[in-house]
Amino acid sequence: MTADTSYPAIVDGHNDTLLRLIRGRGQLQTQFHEEGTEGHLDLPRMRKGGMAGGFFAMYTPDKDYRGDEPLPSRGQEVPQDYALDFVLRMFAILLDLDRTLSPEFSLVRTVPEMLEALANDRCLAIAHIEDASPLDPELTLLPLLYDLGLRSIGPVWSRTNAFGHGVSFDFPGSPDQGPGLTEPGKALVKACNDLGIMIDLSHLNEKGFWDVAELSEDPLVATHSCVHILSNSARNLTDLQLDAIAETNGVVGINFNTGFLRPDGATDTSTSHTEIVRHAAYVTDRIGIDHVALGSDFDGATMPGDLSDCSKLPALMASLEETGFDASDLRKLAHGNWVRILQQTWHH
């Protein structure tokens, strides 16, 4: 599937492409299968960029794209019935792409399926729910979503829900905001461990992070976060959090959002992708190459101007190589560390 063979195929920790596609409604195949000028990700641009796929997020936005009544303002809890409706619509898009674009596009549910897609140059998608608001606190829906293909979940977005508390986007700001996981949140951690669903710590506040660290039997993972000491966004990870991730053999996917990369926290497209390299190098130096990956936030954030879509990923890989990442490092960062993490968390 990938046209650029100079570097290892990239599996990305987070994109919001389904949120973009849901606005297109009847034009899903056209929007994803043909090269576009809007958004950051489609199959032709993935081929150009050497991108094999990644975690496709299903997220309930503050703005209701169905045209119904507006949702609560940012930071407030969204209604569970609306969140479930929206996520099921997104899941339907993902399943439709899996059906209609086969064999070019595969929703993978097991590591062997993931490895097969990588070996055969097929685009792979991992179903991820960003914010557990669609779930009932009793978790009766979780096994159903697992059977549909759900393999990764972030308990919160940057707002409160029945399971925990998210961090704001404050800059400068600390991730130490609010209380830890609720009792349903703690039960969610155990249920995900039991089913084999990866838990994503991105957007979770610091007390919630430490609750997961205490409760979970799986490696700690933040699919799309950056380094707090380099950019003091409340969304970024402190050194102690990075250390805890390494202690559990976990992974951090470096976010490409300019506001999480820059020392001044500015949302600025004049930012260079070398800021991504700076964060990746810091994580590598502190906790090792086995614990760093990519988590772009394509279609959900402001990208550096020289990484305006996924077709530009070879330039990022070249910059990483020039900085001192060797072939083995690049393989781990591009997809090897994600494969290892999923081998450890997808128990079934």
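As the structure is a prediction and not an experimental result, all values here were calculated from the model.

Q: Sorry if this is basic, but what is going on with the pattern of salt bridges here?
A: A side chain of one charge can pair with a side chain of the opposite charge if their charged atoms are brought near each other. Taken as a whole and judged by the stated rule, the model has 18 salt bridges. Residue Asp85 pairs with Arg89 through a salt bridge whose shortest N-O separation is 2.7 Å. Residue Asp85 and its partner Arg89 are located together in helix α4 (residues 80-100), separated by four residues, close to a single helical turn.

Q: Sorry if this is basic, but what is going on with the sheet that holds strand β7 (residues 221-225) here?
A: Two pairing modes exist for strands in a sheet, parallel and antiparallel, and in both the strands are linked by backbone hydrogen bonds. Ordered by their spatial adjacency, three strands build an open sheet running β7-β8-β9, and the pairing between neighbours is parallel. Looking at strand neighbours, the two that pair on one side only are β7 and β9 (292-294), the edges of this open sheet. Adjacent strand axes in the sheet meet at a mean angle of 25°, parallel and antiparallel pairs treated alike. Docked against the sheet, helix α13 (residues 327-345) engages β7, β8 (251-254) and β9, running at close to 110° with respect to β9.

Q: Where do I start with the layout of surface pockets in this structure?
A: Rolling a probe over the atoms, with the probe sized like a water molecule, indicates the empty space that remains. Approximately 190 Å³ is the volume found for the second largest pocket. Considering the residues around the second largest pocket, the lining is formed by 10 residues, among which Arg20, Gln31, Gly36, Thr37 and Glu38 are closest to the centre. Considered class by class, the residues forming the lining of the second largest pocket number no nonpolar, four polar and six charged.

Q: Help me understand empty space enclosed by the protein, please; the structure alone is not making it clear to me.
A: Using the criterion set out here, one finds three cavities of 30 Å³ or more in the structure. Size it by volume and the largest cavity reaches roughly 70 Å³. Residue lining of the largest cavity: 13 residues in total, with Leu201, Leu204, Arg235, Asn236 and Leu237 positioned closest to the centre. Of the residues belonging to the lining of the largest cavity, the class tally is seven nonpolar, five polar and one charged.

Q: Would you take a moment to explain the side chain of Asn255 for this structure?
A: Tracing the backbone shows Asn255 in the loop between β8 and α10 (258-261). Within the structure, Asn255 has its side chain in polar contact with the backbone oxygen of His224 (distance 3.1 Å). If near-sequence neighbours (up to four positions away) are discounted, Asn255 is found in contact with His224, Ser225, Cys226, Arg235, Phe260, Leu261, Gly295, Ser296 and Asp297.

Q: Can you walk me through the state of the cysteines in this structure?
A: Chemically, a disulfide is nothing more than a covalent bond linking the sulfur atoms of two cysteines. Counted according to the given criterion, the structure contains zero disulfides. As a non-bridged cysteine, Cys123 has Cys310 as the owner of its nearest cysteine sulfur, 9.3 Å distant. Assessed through its relative accessible area of 0%, Cys123 is described here as buried.

Q: Is there a simple way to explain the packing of helix α11 (residues 274-287) against helix α12 (residues 313-323) in this structure?
A: Two measures define how a pair of helices packs: the angle their axes make with one another and the distance between the axes. Direction vectors running N to C along α11 and α12 enclose 50°, while the axes themselves pass 9 Å from each other. Judged by the inter-axis angle, α11 sits oblique to α12. For the element pair α11 and α12, the recorded crossing hand is right-handed. Every residue of α12 that contacts α11 at Thr274, Ile276, Val277 and Ala280 is listed here: Leu316, Ser319, Leu320 and Thr323.

Q: Which parts of the structure should I look at to understand α12?
A: Residues Leu313, Pro314, Leu316, Met317, Ala318, Ser319 and Leu320 constitute the buried set of α12. Looking at the buried residues of α12, the elements they touch are β1 (10-15), α3 (43-49), β2 (51-59), α11, β9 and α13. Gly324, located one to two residues past α12, shows a positive phi value of around 125°.

Q: How should unusual backbone geometry be read in this particular structure?
A: Comment: phi is negative for the bulk of residues other than glycine, and the bulk of peptide bonds are trans. In this chain, Ser102 is followed by Pro103 through a cis amide linkage whose omega measures 5°. Following Phe171, the chain continues to Pro172 via a peptide bond in cis, the omega torsion being -10°. The backbone of Asp131 sits at a positive phi, close to 95°, despite the residue not being glycine. Along the chain, Asp131 falls in the loop between β4 (123-130) and α6 (142-148). Here Asp131 falls in the buried class, since its relative accessible area comes to 1%. Positive phi, normally seen in glycine, also occurs at His203, with a value near 80°. Residue position: His203 is located in the loop between β6 (198-199) and α8 (206-215). According to the relative accessible area criterion, His203 is buried, its value standing at 4%.

Q: Teacher, can you tell me more about helix α9 (residues 239-247) here?
A: In an α-helix, one turn spans 3.6 residues, which is why side chains three or four residues apart end up on the same side. Within the span of α9, buried status applies to Asp239, Gln241, Leu242, Ala244 and Ile245. Summarising the contacts, the buried residues of α9 are in contact with α8, β8 and α11.

Parameters and conventions
- For every chain, the first residue of the written sequence is number 1, and numbering continues from 1 onward in sequence order.
- Given that the model is predicted, a residue must reach a pLDDT of at least 70 before its local features are reported, and side-chain atom pairs must reach 80 or more before they are shown or counted; all residues, however, enter totals for whole chains, interfaces and linings.
- With hydrogens and water excluded, all non-hydrogen atoms of the structure serve as input to the side-chain values.
- One side-chain nitrogen of Lys or Arg within 4 Å of one carboxyl oxygen of Asp or Glu is enough to make a salt bridge.
- By the criteria applied, helices consist of DSSP H or I runs no shorter than four residues and strands consist of E runs no shorter than two, each listed in order from the N terminus.
- Pairing between two strands is assigned when DSSP locates at least 2 bridges connecting them.
- Whenever a helix is involved, its axis is fitted only over the stretch in contact; in every case the axis is a line through C-alpha atoms, and angles between N-to-C directions fall within 0 to 180 degrees.
- Whether two residues are in contact is decided by their heavy atoms: any pair within 4.5 Å suffices.
- As defined here, a cavity is a set of points on a 1 Å grid over the protein atoms alone where a 1.4 Å probe fits but cannot get out. A pocket is an open set with protein on both sides within 12 Å along at least five of seven lines, and residues line them when an atom is within 4 Å of a point.
- Grid points are joined across faces, edges and corners, and a volume is the space filled by probe spheres set on the points.
- Under this grouping Gly is polar, as are all residues other than the nonpolar Ala, Val, Leu, Ile, Met, Phe, Trp, Tyr, Cys and Pro and the charged Asp, Glu, Lys and Arg.
- For the purposes of these results, a polar contact is taken to be a pair of N or O atoms within 3.5 Å, where, inside protein, one atom must be able to donate a hydrogen and its partner to accept one; residues adjacent in sequence count only when each atom of the pair is a side-chain atom.
- Working definition: a disulfide is two cysteine sulfur atoms within 2.5 Å of each other.
- Partly exposed describes any residue whose relative accessible area lies between the buried limit of under 20% and the exposed limit of over 50%, with all areas from a 1.4 Å probe on protein chains only and scaled to the type maximum.
- Angles are sorted into four bins: roughly parallel if under 35 degrees, roughly antiparallel if over 145, roughly perpendicular if 65 to 115, and oblique for all others.
- In a left-handed crossing the near helix is turned counterclockwise from the far helix by less than a right angle, and in a right-handed crossing that turn is clockwise.

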